[in-house]
Amino acid sequence: MPRMMKAAVFVEPGRIEIAEKPIPDVGPNDALVRITTTTICGTDVHILKGEYPVAKGLTVGHEPVGIIEKLGSAVQGYAEGQRVIAGAICPNFNSYAAQDGVPSQDGSYLVASGRCGCHGYKATAGWRFGNLIDGTQAEYVLVPDAQANLAPIPDGLTDEQVLMCPDIMSTGFKGAENANIRIGDTVVVFAQGPIGLCATAGARLLGATTIIAVDGNDHRLDISRKLGADVTLNFKTDDVIAEVMRITGGRGADSSIEALGLQSTFESALRVLKPGGTLSSLGVYSSDLTIPLDAFAAGLGDHRINTALCPGGKERMRRLMNVLESGRLDLGLLVTHQYKLDDIVEAYELFANQRDGVLKVAVKPG
């Protein structure tokens, strides 16, 4: 009889439940990681609601912090018993897409049909946990291509401090990186959920000196100040576009970051830009976007619009943990609630409905 574990699985739209599943076997390039802490992401809520399709019975979740339980025979440079994280995006770095500079969009989707994952390109296919393979809201997770995707946790960093690295911190920082921020820039960040807060922190680290955070929740705007915002605007009471133009003397922002995924925030992020500015889009959109002609200057405004999927891999994770280890940023404050894996249905209800000031939930199997 195989050894069994508890896992949160997608049953049908509106239902994620705890089930018993076999502990995965370890192939030569894999690592079995015993989860010590994971969390719930907004994307998991999209899966719960049936807005993002996944296979029934799939274990959900994509943000692992844990301990190596067993290593595949070909994996070198790691040890069983070592504390590690892996990126939410865990590409095959031998793939054509990875060698073309876009590992998050690699050919991992081909593996299920018995073909080589090194071939093919597909948007988001580098996202495997809780999408193409069983994810991290479980007692154990199998990490594929482990030598390229596992990153050791430095001594002294807690699970809660590094919990944002696999997805939220990596995604938010990528939003700032894609905004082409230069020292002295003015940057507007739309939405101060966990990803937007990390984008705010990333903008500060990259050298922006006027960071304007926009949200409709004053509590989140208070946190954004702690993470680097110079000005906070509540869109429910402030005319955001007029305020940005006033602050910049009519020039417009050098960059804007859209971290929600709505037509309204995307349009506002475009309207605050100066000619030649960059809009960095992190939102997950669920319907077609319309670009307003005047804000787009009829296509003649030298604007840049960049999109991104969270970067993964051990080097990305190492760099993010360097930021935390240096003391330049503490993202443990984003963990507002803790739940046991057995109670994850309750945690989903809290997170999906954004009750009780929730930002991120630490889920612990033990």
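Placed above this text is the structure.
Values in this document were obtained by computation on a predicted structure and should not be read as measured data.

Chemist: Sorry if this is basic, but what is going on with the sheet that holds strand E11 (residues 253–258) here?
Modeler: Remark on secondary structure: sheet strands pair via backbone hydrogen bonds, oriented parallel or antiparallel. Strand order across the open sheet formed by six strands is E10-E9-E8-E11-E12-E13, with parallel pairing between neighbours. Each edge of the open sheet is held by one strand with a lone partner, namely strand E10 (231–234) and strand E13 (304–307). Sheet twist, expressed as the average angle between the axes of neighbouring strands with direction ignored, equals 15°. Pairing of strand E8 (residues 186–190) with strand E9 (residues 210–215) involves five bridges; the strand directions are parallel. The residue bridging Val187 from the neighbouring strand is Ile211, located in E9. Along the sheet, helix H6 (residues 194–205) makes contact with E8, E9 and E11, crossing E8 at roughly 170°. Along the sheet, helix H7 (residues 218–226) contacts E9 and E10; its crossing angle with E10, the most-contacted strand, is approximately 170°.

Chemist: What is the right way to read the packing of helix H5 (residues 165–178) against helix H10 (residues 314–325) from this model?
Modeler: Between two packed helices, both the angle of their axes relative to each other and the distance between the axes serve to describe the pair. Taken N-terminus to C-terminus, the directions of H5 and H10 make an angle of 90°; their axes are 10 Å apart at the nearest point. Our classification of the angle between H5 and H10 gives roughly perpendicular. Packed against H5, whose contacting residues are Cys165, Pro166, Met169, Ser170, Phe173, Lys174 and Glu177, the element H10 presents Arg316, Met317, Leu320, Met321, Val323 and Leu324 at the interface. Across the contact of H5 with H10, the residue classes break down as nine nonpolar, one polar and three charged.

Chemist: What is the right way to look at H7 in this model?
Modeler: One turn of an α-helix holds 3.6 residues; hence residues three or four places apart share an orientation. Listing the buried residues of H7 in full gives Arg220, Leu221, Ile223 and Ser224. Along H7, the residues classed as buried sweep out an arc of 160° about the axis, all on the same side. Turning to H7, the residues buried within the fold contact H6, E9 and E10. Measuring from the backbone nitrogen of His219 back to the side-chain oxygen at the start of H7 gives 2.9 Å, which picks out Asn217 as the cap. Directly beyond the C-terminal end of H7, a positive phi value near 135° is found at Gly228.

Chemist: I'm lost on helix H11 (residues 344–352) in this one. Help?
Modeler: Within H11 the residues assigned to the buried category are Ile344, Ala347, Tyr348, Leu350 and Phe351. Considered in projection along H11, the buried side chains sweep an arc of 165° and stay on one side of the axis. On its buried face, H11 sits against strand E1 (4–12), strand E2 (15–22), helix H1 (42–48), strand E14 (335–340) and strand E15 (360–364). Trailing H11 by a residue or two, Gln354 shows a phi angle of about 50°, which is positive.

Chemist: Sorry if this is basic, but what is going on with the packing of H6 against H7 here?
Modeler: Running from amino to carboxyl end, H6 crosses H7 at an angle of 25°, the nearest separation of the two axes being 9 Å. Judged by the angle between their axes, H6 and H7 are roughly parallel. Here the hand of the crossing between H6 and H7 comes out right-handed. Contact residues: H6 offers Pro194, Leu197 and Thr200, while H7 offers Arg220, Ile223 and Ser224. Considered class by class, the residues forming the contact of H6 with H7 number three nonpolar, two polar and one charged.

Chemist: Would you explain the packing of aromatic side chains in this entry?
Modeler: The geometry of an aromatic ring pair is captured by the separation of the ring centres together with the interplanar angle, meaning the angle of the planes. If you walk through the whole model with that rule in mind, you get two aromatic pairs. Centroid distance Tyr52 to Trp127: 5.1 Å. Interplanar angle 40°. Geometry classified as tilted. Separated by 75 residues along the polypeptide, Tyr52 in the loop between H1 and strand E4 (65–71) and Trp127 in the loop between helix H2 (96–99) and strand E6 (140–143) bring together distant segments of the chain. Judged by relative accessible area, which is 7%, Trp127 ranks as buried. With 6.1 Å between their ring centres and 90° between their planes, Phe266 and Tyr285 make a pair best called edge-to-face. With Phe266 in helix H9 (residues 263–271) and Tyr285 in the loop between strand E12 (273–281) and E13, this pair connects stretches of sequence that are 19 residues apart. Taking the relative accessible area as the measure of exposure, Phe266 reaches 4% and is therefore buried. On the basis of relative accessible area, Tyr285 is assigned to the partly exposed category, the value being 24%. The ring centre of Tyr109 lies 5.1 Å from the NZ or CZ of Lys122, which sits over that ring.

Calculation rules
- Residues numbered from 1 in each chain as written.
- Predicted model: local features only at pLDDT ≥ 70, side-chain atom pairs only at ≥ 80, totals over all residues.
- Heavy atoms only, no water.
- Pairing = 2+ DSSP bridges.
- Helix = DSSP H or I, 4+ residues; strand = E, 2+ residues; numbered from the N terminus.
- Axes fitted to C-alpha atoms, helices over the stretch in contact; angles between N-to-C directions.
- Contact = heavy atoms within 4.5 Å.
- Parallel < 35°, antiparallel > 145°, perpendicular 65-115°, else oblique.
- Nonpolar A, V, L, I, M, F, W, Y, C, P; charged D, E, K, R; others polar.
- Buried < 20%, exposed > 50% of the residue type's maximum accessible area, 1.4 Å probe, protein only.
- Arc of directions from axis to C-beta.
- Polar contact = N/O pair within 3.5 Å; in protein donor to acceptor, adjacent residues only side chain to side chain.
- Left-handed = near helix turned anticlockwise from the far one by under 90°.
- Phe/Tyr/Trp six-rings, centres within 6.5 Å; stacked < 30°, edge-to-face > 60°.
- Lys NZ or Arg CZ within 6 Å of the ring centre and 35° of its normal.

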